[in-house]
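Structural features, examined
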Amino acid sequence: MYVMDVVDPFQRNSIVLNLIRSLKMICNGPSHYSTEDPHQAPEYSGKMEVLFDLLDDMFENNKKCLIFTQFKVMGDLLQKWIDERTGFRPEFIHGGVSAESQAKMVEKFQSRRDERCIILSLKAAGTGLTLTAASAVIHYDLWWNPAVEDQATDRAYRIGQKENVQVYRLICANTFEEKINDIINSKKDLADITVNVGEKWIGDLSNRQIEDIFTFSSEKARKEIESQEADRETV
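Only a predicted model underlies this, so the values are computations on that prediction, with no experimental measurement involved. (Residues numbered from 1 in each chain as written. Predicted model: local features only at pLDDT ≥ 70, side-chain atom pairs only at ≥ 80, totals over all residues. Heavy atoms only, no water.)

1. Some details on the packing of aromatic side chains
Applying the stated criterion across every chain, the model contains 1 aromatic pair. Between Phe59 and Phe88 the ring centres are 6.4 Å apart and the planes differ by 80°, which places this aromatic pair in the edge-to-face class. Of this pair, Phe59 sits in helix H3 (residues 46-60) while Phe88 sits in the loop between helix H4 (72-86) and strand S2 (91-93), and the two are 29 residues apart along the sequence. One residue, Lys64, lies across the ring of Phe109, its end atom 4.9 Å from the ring centre. For Arg85, the ring lying beneath its charged end belongs to Phe52, and the centroid distance is 4.5 Å. (Phe/Tyr/Trp six-rings, centres within 6.5 Å; stacked < 30°, edge-to-face > 60°. Helix = DSSP H or I, 4+ residues; strand = E, 2+ residues; numbered from the N terminus. Lys NZ or Arg CZ within 6 Å of the ring centre and 35° of its normal.)

2. Structural notes on the pattern of salt bridges
Using the criterion set out here, one finds 10 salt bridges in the structure. Between Asp76 and Lys72 there is a salt bridge; the shortest N-O distance is 2.8 Å. With Asp76 and Lys72 both in helix H4 and 4 residues apart, the pair spans about one turn of that helix. Here Asp76 falls in the partly exposed class, since its relative accessible area comes to 30%. Notably, a salt bridge pairs Glu149 with Arg169, separated by 2.8 Å at the nearest N-O pair. Here Arg169 lies in strand S5 (residues 166-169) and Glu149 lies in helix H7 (residues 146-153), a separation of 20 residues in the sequence. A residue is classified by how much of its surface remains accessible, and Glu149, at 6% relative accessible area, is buried. (Salt bridge = Lys/Arg side-chain N within 4 Å of Asp/Glu carboxyl O. Buried < 20%, exposed > 50% of the residue type's maximum accessible area, 1.4 Å probe, protein only.)

Right under this line is the structure:
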């Protein structure tokens, strides 16, 4: 059954949002989408390569960062992979962590210099926490709602913040992630979406817009590859 063939709007929206959820996992890394995938190592994830580069630079300069993800499974993988790479296992605040434990994790992150980063679930840690020890915020996977992302980023932009805060949004090039991000950037009214709307606005897009989002652009991908190869030749 194609999305375009679904008449019932609720069923159509459910199909679209479930598809987006699955594709998000694949963009995060093969092992996030399927634990049976043979490519379990972090090097099979382009986002992890970028994240490692960012963390290497931050750790070298004694900077702290917040890493946000929507998914419990991805947070667990981030803990494991960062530990294997750096020898430091960051705390992970998610819905299964009690308020008391969350407070202890926040206190440790805020007060100890050796706590370089902390992983947070968008839903569990999007509000109410003050994490001004961080000078960078990394959105590993995106909620596709500017209001939700801004609310999460504000954990570092609190009273008492003395440094500039850098915000990084990791997006897989030439994928649906890039296309949805382009839609957000092209529609100023989307900046006024409330937190409660979540990602439901995507399910309300027209059939043509949905088709464009999920259609692979081989021509764009080819030009991107050619550009990267040209850059390597000039180095």
